[in-house]
Amino acid sequence: MQTSFRIKSLIGGLAIAAAGFVSAQQTVPIFGLVELSGTGATSGSNFDNGVKLAVKEINAAGGILGRRVNYVSMDTQSNPGVAKALAQKAIDQGAYVVMGPVFSGSIMVSMAETKRAEIPNFTGGEAAAITQQGNPYVFRTSFTQSTAMPKIANYIRDTVKAKTVDVIYVNNDFGKGGLDLIKKELEARGIKVPNSISTEPGQVDFSAAVLKSKQSGSDAVFVYSNEEESARALREFRKQGYTKPLIGETVLTSQKVIELAGEAANGAVAHVGLTADAPQPLVKKFSDAFVAEYKVKSDHNGLKGYSGMYIVKAVTEKLGRFDSKAFAAAMKGISLQVKDHPGILLDVSFDANGDLDRESYMTRVENGRQVVSAILPAVGKK
């Protein structure tokens with residue numbers, strides 16, 4: 001009897017272990033390398049929450065190809081070295097896809113690891129250099145600077161009609177890449193850039209930078225920095241009585257900047273690739289769901305994470321299997337439509353470099369709210 005009992009117990013234990021193994025095999029391991037602390041906490045937390053909201057919806061609807069998504073987010077601390085180590089950790093734990101980091105400096109370091117392991121890596125980083133290195137495994141959830149800056153330069157020439165523009169930028173990969181491209185695009189349109197004013201990540205005092213720009217007499221200022229720093233710059237501009245146009249790209253009119261800058265944000269203008277204030281039903285549905293889940297309004301990074309996760313779902317289902325290398329190959333030149341994949345929010349296409357193309361927006365802050373003033377067509381549809 002005891003022998004029989006032991007055999008039954010052993011069989012039962014093996015059955016439980018096997019069930020656990022099968023269950024593990026039936027999940028989709030996706031890892032987020034996100035800035036949950038440090039200077040990128042606002043961006044990374046929104047991106048992470050967007051991914052998590054999409055995962056919650058996807059799992060509730062049956063997962064991807066019948067498998068439940070197991071999403072694990074890890075804090076890069078806004079540190080490229082930490083991001084690189086976490087990328088290796090995600091690889092060691094069998095990641096199918098990696099989401100993030102958002103900061104350009106971090107993805108520039110960590111994507112070498114995912115490339116080596118042949119794992120697709122989505123990023124919210126905008127530095128043009130990210131997709132100029134021939135990495136076949138990196139894909140954007142945002143516009144590259146080289147796509148966005150010509151739109152901004154056209155706005156400055158055609159609407160603002162400025163002849164001179166100062167640039168205040170953050171001294172990191174993101175900021176320096178943006179500086180180089182906006183100067184190139186402005187100068188190509190006959191607009192001079194008298195001052196390129198460098199500021200540091202986490203900088204608190206913007207009085208000197210603003211005073212330099214104010215005294216230069218330029219027709220407008222282009223502000224290109226992170227959320228907290230952009231808000232401090234806007235407050236300082238208002239404090240010093242600056243009344244000329246303040247223009248940015250994506251960040252300057254974002255929800256977090258508006259919250260931090262208060263009335264000082266009013267009048268700021270920016271081109272944005274994604275905004276929760278877009279007048280499209282699917283975007284509004286996302287925005288309402290995000291607020292219901294997290295009790296705060298999403299910024300553009302939340303939409304990047306959310307739509308990026310749904311792109312993972314759409315491409316995997318087109319493939320019909322979980323194959324990281326085949327997934328990366330399928331991303332090249334792919335076009336996805338919202339009529340087939342509502343979670344991607346907007347029709348989107350990717351080129352051979354991993355850069356995307358879709359509609360975008362011109363926005364302005366009015367009475368403490370980001371207002372969409374124009375919907376710009378995808379570059380490929382002009």
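One can find the structure itself at the top, above this paragraph.
Residues numbered from 1 in each chain as written. Predicted model: local features only at pLDDT ≥ 70, side-chain atom pairs only at ≥ 80, totals over all residues. Heavy atoms only, no water.

S.K.: Explain the sheet that holds strand β13 (residues 356–357) residue by residue, including any values.
M.R.: One open sheet holds the 3 strands; their spatial order is β11-β12-β13, and the pairing between them is antiparallel. Because the sheet does not close on itself, it has two edges, and the strands there are β11 (335–336) and β13. Relative to β13, strand β12 (residues 348–350) is paired through 2 bridges, and the arrangement is antiparallel. By the bridge assignment for β13, Phe 350 is matched with Leu 356. (Pairing = 2+ DSSP bridges. Helix = DSSP H or I, 4+ residues; strand = E, 2+ residues; numbered from the N terminus.)

S.K.: Which residues make up helix α6 (residues 173–188), and what values go with them?
M.R.: Spanning 16 residues, α6 covers 23 Å between terminal C-alpha atoms, matching the ideal 22 Å at 1.5 Å per step. Along α6, the residues that are buried comprise Phe 174, Gly 175, Gly 177, Gly 178, Leu 179, Leu 181, Ile 182, Glu 185 and Leu 186. Those residues of α6 that are buried are in contact with α4 (104–116), α5 (145–160), β6 (165–170), β7 (196–199) and β8 (220–224). In this structure Asn 172 caps α6, since a side-chain oxygen of it lies 3.2 Å from the backbone nitrogen of Phe 174. Just downstream of α6, Gly 190 is the residue with a positive phi angle, here 80 degrees. (Expected span 1.5 Å × (residues − 1). Buried < 20%, exposed > 50% of the residue type's maximum accessible area, 1.4 Å probe, protein only. Contact = heavy atoms within 4.5 Å. Polar contact = N/O pair within 3.5 Å; in protein donor to acceptor, adjacent residues only side chain to side chain.)

S.K.: Go over the packing of aromatic side chains with me, naming the residues and quoting the values.
M.R.: Using the criterion set out here, one finds 11 aromatic pairs in the structure. Judged by centre distance (5.7 Å) and plane angle (50 degrees), the rings of Phe 286 and Phe 290 are tilted. Of the two residues, Phe 286 and Phe 290 both sit in helix α10 (residues 281–294), 4 residues apart, roughly one turn of that helix. The same class applies to Phe 286 and to Phe 290, which are both buried. Between Phe 290 and Tyr 294, the ring centres sit 4.8 Å apart and the planes meet at 55 degrees, which makes this aromatic pair tilted. One end of the pair is Phe 290 and the other is Tyr 294, both in helix α10 and 4 residues apart, which spans about a single turn. Look at Phe 290 and you get buried, because its relative accessible area is 0%. Connected via pairs of aromatic rings, a cluster forms that spans Tyr 96, Phe 122, Phe 139, Phe 322 and Phe 327. (Phe/Tyr/Trp six-rings, centres within 6.5 Å; stacked < 30°, edge-to-face > 60°.)

S.K.: Can you explain the pattern of salt bridges? Please cite residues and give values.
M.R.: Tallied over the full model, the rule gives 14 salt bridges. A salt bridge links Asp 48 to Lys 52, with the shortest nitrogen-to-oxygen separation between them at 3.5 Å. Of the two residues, Asp 48 and Lys 52 are both situated in helix α2 (residues 41–60); the distance of 4 residues between them amounts to about one turn of the helix. One salt bridge connects Arg 321 with Asp 323, and the closest N-O pair in it is separated by 3.6 Å. Of the residues examined, Arg 321 reaches a relative accessible area of 40% and is grouped as partly exposed. A relative accessible area of 28% places Asp 323 in the partly exposed class. Sharing partners across several salt bridges, the network here consists of Lys 84, Glu 113 and Arg 116. (Salt bridge = Lys/Arg side-chain N within 4 Å of Asp/Glu carboxyl O.)

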